[in-house]
Amino acid sequence: MLVESAPSVVDELVRRIRQITATVDGRQVPIASSIEHLTAEAGRAVIAENHAAYVAEYGEPA
């Protein structure tokens, strides 16, 4: 998931995501192993890469 927003909004989202857990083999584990803070430029590059992969597999969205 990529989010471009005010730093305080991003920090709150990260805090909330870190609280989400799932049960694995009877114990609670976090759903995310790491959360990276990207620059806007790096985030746009990730979106572009994912879009290209999506289009290659499923075609251009309608």
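As a starting point, this report considers the structure included with it. As the structure is a computational prediction, the values presented were derived from the model and not from experiment. (Residues numbered from 1 in each chain as written. Predicted model: local features only at pLDDT ≥ 70, side-chain atom pairs only at ≥ 80, totals over all residues. Heavy atoms only, no water.)

**Quick notes on the packing of aromatic side chains**
Geometry of an aromatic ring pair is reported as the spacing of the ring centres plus the angle between the planes. Applying the stated rule across the entire model yields 1 aromatic pair. With a centroid separation of 5.0 Å and an interplanar angle of 40°, the aromatic rings of Tyr 54 and Tyr 58 are classed as tilted. In this pair, Tyr 54 and Tyr 58 both sit in helix 2 (residues 40–58), 4 residues apart, roughly one turn of the helix. Residue Tyr 58 is classed as exposed on the basis of its relative accessible area of 56%. (Phe/Tyr/Trp six-rings, centres within 6.5 Å; stacked < 30°, edge-to-face > 60°. Helix = DSSP H or I, 4+ residues; strand = E, 2+ residues; numbered from the N terminus. Buried < 20%, exposed > 50% of the residue type's maximum accessible area, 1.4 Å probe, protein only.)

**Examining the pattern of salt bridges**
If the charged atoms of two oppositely charged side chains come close together, the side chains can form a pair. The full count for this structure, using the stated rule, is 2 salt bridges. Notably, a salt bridge pairs Arg 15 with Glu 12, separated by 2.7 Å at the nearest N-O pair. Of this pair, Arg 15 and Glu 12 both sit in helix 1 (residues 7–19), separated by 3 residues, roughly a single helical turn. Note that Arg 16 is salt-bridged to Glu 12, the shortest N-O span being 2.8 Å. In this pair, Arg 16 and Glu 12 are both assigned in helix 1, 4 residues apart and thus about one turn of the helix distant. Where salt bridges share partners, they join Glu 12, Arg 15 and Arg 16 into one cluster. (Salt bridge = Lys/Arg side-chain N within 4 Å of Asp/Glu carboxyl O.)

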